[in-house]
Amino acid sequence: MVAIVKRRKVQLPPWADRLGAIGAFICALHCALIPLALALIPTLGLGLVAWHGAEVGFSVLATVLAVTSLVLGYRNHRAYHAWLLVAPGLALIWFSLLYPPLHASVLPHAAAMTVGGVLIALAHLVNLRLSYGHTH
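Residues numbered from 1 in each chain as written. Predicted model: local features only at pLDDT ≥ 70, side-chain atom pairs only at ≥ 80, totals over all residues. Heavy atoms only, no water.

Focus on the overall build of the protein chain
To be explicit about the condition: Helix numbering and strand numbering both begin at the N terminus, where a helix is a DSSP run of H or I of at least 4 residues and a strand a DSSP run of E of at least 2. Exposed residues in this analysis have more than 50% of their type's maximum accessible area, buried residues have under 20%, and partly exposed residues fall in between, with area computed by a 1.4 Å probe over protein chains only. By definition, residues are in contact when any of their heavy atoms lie within 4.5 Å. For the accessible areas, the method is Shrake-Rupley and the probe is 1.4 Å, while residue cover comes only from the protein chains on display.
Broken down by element type, the protein chain carries 6 helices and 0 strands. For the protein chain, the N- to C-terminal ordering of α and β elements is α-α-α-α-α-α. Burial status across the protein chain gives 32% buried among its 136 residues. A sequence separation of at least 24 residues applies to 75% of the contacts in the protein chain between residues at least 6 apart. Total accessible area on the protein chain stands at roughly 8800 Å², and carbon and sulfur atoms take up 74% of it.

So, in structure tokens, the structure goes:
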């Protein structure tokens, strides 16, 4: 007698994509406000907000959460739509961090990070919709 073992699908809970989307939108808002923050930081003594290490740390966290969530979501729904948003979003944030002329330019850097963050947030929302939003 042969026992048939059904494979369980590994899937992140819905709150993971929600957390990713909220975090990416907050990141995009932060990046959009960088020019204003740069003017206020010296007067308020908030040096931590402009720390490059925090920016890299948040980018690493966003990358790991987005890729993990989308890989597990793709295994479930087999739709690539979210990847069409997250790939350029991640490329934008990493390019704006690692390309020195762009990183040194305040407004272009803020714009690239903002657009990248919004694309990552939208990818999480699309993945959430594909994973939990409909049934067949």
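What to know about the environment of L70
Among the structural elements, L70 can be located in helix 3 (residues 52-77). The class for L70 is buried, based on a relative accessible area of 1%. Beyond its immediate sequence surroundings of up to four residues, L70 is in contact with A82, W83, V86, A123 and N127.

A closer look at the packing of helix 4 (residues 81-98) against helix 6 (residues 106-132)
Quick note on the threshold: Axes here refer to lines fitted to C-alpha atoms; in helices the fit is confined to the stretch in contact. Angles between the N-to-C directions go from 0 to 180 degrees. The labels follow the angle: roughly parallel below 35 degrees, roughly antiparallel above 145, roughly perpendicular from 65 to 115, and oblique for the rest. Take the far helix as your reference; a near helix turned counterclockwise from it by less than a right angle gives a left-handed crossing, and one turned clockwise gives a right-handed crossing. Residue polarity is assigned by list, with Asp, Glu, Lys and Arg as charged and Ala, Val, Leu, Ile, Met, Phe, Trp, Tyr, Cys and Pro as nonpolar; anything else, Gly included, falls into the polar class.
Interaxial distance between helix 4 and helix 6 falls to 7 Å at its minimum, and their mutual angle equals 155 degrees. The angle between the axes of helix 4 and helix 6 places the two elements in the roughly antiparallel class. Where helix 4 crosses over helix 6, the two elements pack in a sense that is left-handed. Within the contact of helix 4 with helix 6, the residues separate by chemical class into 17 nonpolar, 7 polar and no charged.

Regarding the side chain of T114
Tracing the sequence through the fold places T114 in helix 6. Judged by relative accessible area, T114 falls into the buried class, the value being 17%. Ignoring sequence-local partners within four residues, the contact set of T114 consists of A28, C31 and A32.

Description of the packing of helix 1 (residues 14-32) against helix 6
In contact at an axis separation of 8 Å, helix 1 and helix 6 are set at 165 degrees when each is read in the N-to-C sense. When the axis of helix 1 is compared with that of helix 6, the two are roughly antiparallel. Where helix 1 crosses over helix 6, the handedness of that crossing is left-handed. Residue composition of the contact of helix 1 with helix 6, grouped by class: 16 nonpolar, 5 polar and 2 charged.

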